Amino acid sequence: MAKRLQVILRDSDYREIQRVARSRHMSTAEWVRQALDAARHREPASTAGKKLAVIRAAVRLEFPSGDVDAMLAEIESGYGRGTPS
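What counts and how
Residues numbered from 1 in each chain as written. Predicted model: local features only at pLDDT ≥ 70, side-chain atom pairs only at ≥ 80, totals over all residues. Heavy atoms only, no water. Helix = DSSP H or I, 4+ residues; strand = E, 2+ residues; numbered from the N terminus. Rg over C-alpha atoms; globule rule 2.2 N^0.38 Å. Buried < 20%, exposed > 50% of the residue type's maximum accessible area, 1.4 Å probe, protein only. Areas by Shrake-Rupley, 256 points an atom, 1.4 Å probe, with all protein chains shown as cover. 1 Å grid on protein atoms, 1.4 Å probe; cavity = no way out; pocket = protein on both sides within 12 Å on 5 of 7 lines; lining within 4 Å. Points joined across faces, edges and corners; volume = space filled by probe spheres on them. Nonpolar A, V, L, I, M, F, W, Y, C, P; charged D, E, K, R; others polar. Expected span 1.5 Å × (residues − 1). Polar contact = N/O pair within 3.5 Å; in protein donor to acceptor, adjacent residues only side chain to side chain. Axes fitted to C-alpha atoms, helices over the stretch in contact; angles between N-to-C directions. Parallel < 35°, antiparallel > 145°, perpendicular 65-115°, else oblique. Contact = heavy atoms within 4.5 Å.

### Remarks on the overall build of the protein chain
Moving on, step 1. If you tally the helices and strands in the protein chain, you get 4 helices and 0 strands.
Moving on, step 2. Relative to a compact globule of 85 residues, whose C-alpha radius of gyration would be 12 Å, the protein chain shows 26 Å and is clearly more extended.
Moving on, step 3. Looking at the protein chain as a whole, 6% of its 85 residues are labelled buried.
Moving on, step 4. Only carbon and sulfur atoms are counted for the fraction: they give 57% of the accessible area of the protein chain, which is about 8300 Å².

Written out as structure tokens, the structure reads:
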């Protein structure tokens, strides 16, 4: 569902946004939608505290794993073999 958003701008700010939108051959509304979308994508998806909590919880768990050096050697040896038939 679409929602309407009303934003109060100073005349000078509105005219500048209009000018920029016109220079890009788009409506003011489309320019504003794109600007808001870009700003939203610059924001982190999660806080640093949440990320650290997830990492701390993960390191308390135990999973079977091989020796790192042995796994790396196996990976390296597979590079020269090509794809299996």
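There is more to say after this.
### As for unusual backbone geometry
Backbone geometry follows two general trends: most residues other than glycine have a negative phi, and most peptide bonds adopt the trans configuration.
Moving on, step 1. If you check the backbone angles, H25 has positive phi at about 55 degrees while not being a glycine.
Moving on, step 2. Summarising the element assignment, H25 is placed in the loop between helix 1 (11-23) and helix 2 (28-42).

### Focus: the layout of surface pockets
Moving on, step 1. Put simply, the largest pocket is a space of about 330 Å³.
Moving on, step 2. Along its surface, the largest pocket is lined by K3, R4, L5, V7, L9, Y14, I17, T28, A29, V32, R33 and L36.
Moving on, step 3. Elements supplying a minimum of two residues to the lining of the largest pocket: helix 1 and helix 2.
Moving on, step 4. Here the element with the most residues in the lining of the largest pocket is helix 2; it accounts for 5 residues.
Moving on, step 5. In terms of residue class, the lining of the largest pocket is built from 8 nonpolar, 1 polar and 3 charged.

### A look at helix 4 (residues 68-79)
Moving on, step 1. When the terminal C-alpha atoms of helix 4 are compared, their 17 Å separation across 12 residues agrees well with the 16 Å that a helix rising 1.5 Å per residue should span.
Moving on, step 2. The opening residue of helix 4, the one whose side-chain oxygen lies 3.3 Å from the backbone nitrogen of D69, is D67.

### Considering the packing of helix 1 against helix 2
Moving on, step 1. It is the contact of helix 1 with helix 2, at a shortest axis distance of 9 Å, that shows an interaxial angle of 95 degrees. Between helix 1 and helix 2, the angle falls in the class roughly perpendicular. Of helix 2, the residues touching helix 1 (which contributes Y14, I17, Q18, V20 and A21) are T28, W31 and V32.
Moving on, step 2. Its residues assigned to classes, the contact of helix 1 with helix 2 comprises 6 nonpolar, 2 polar and no charged.

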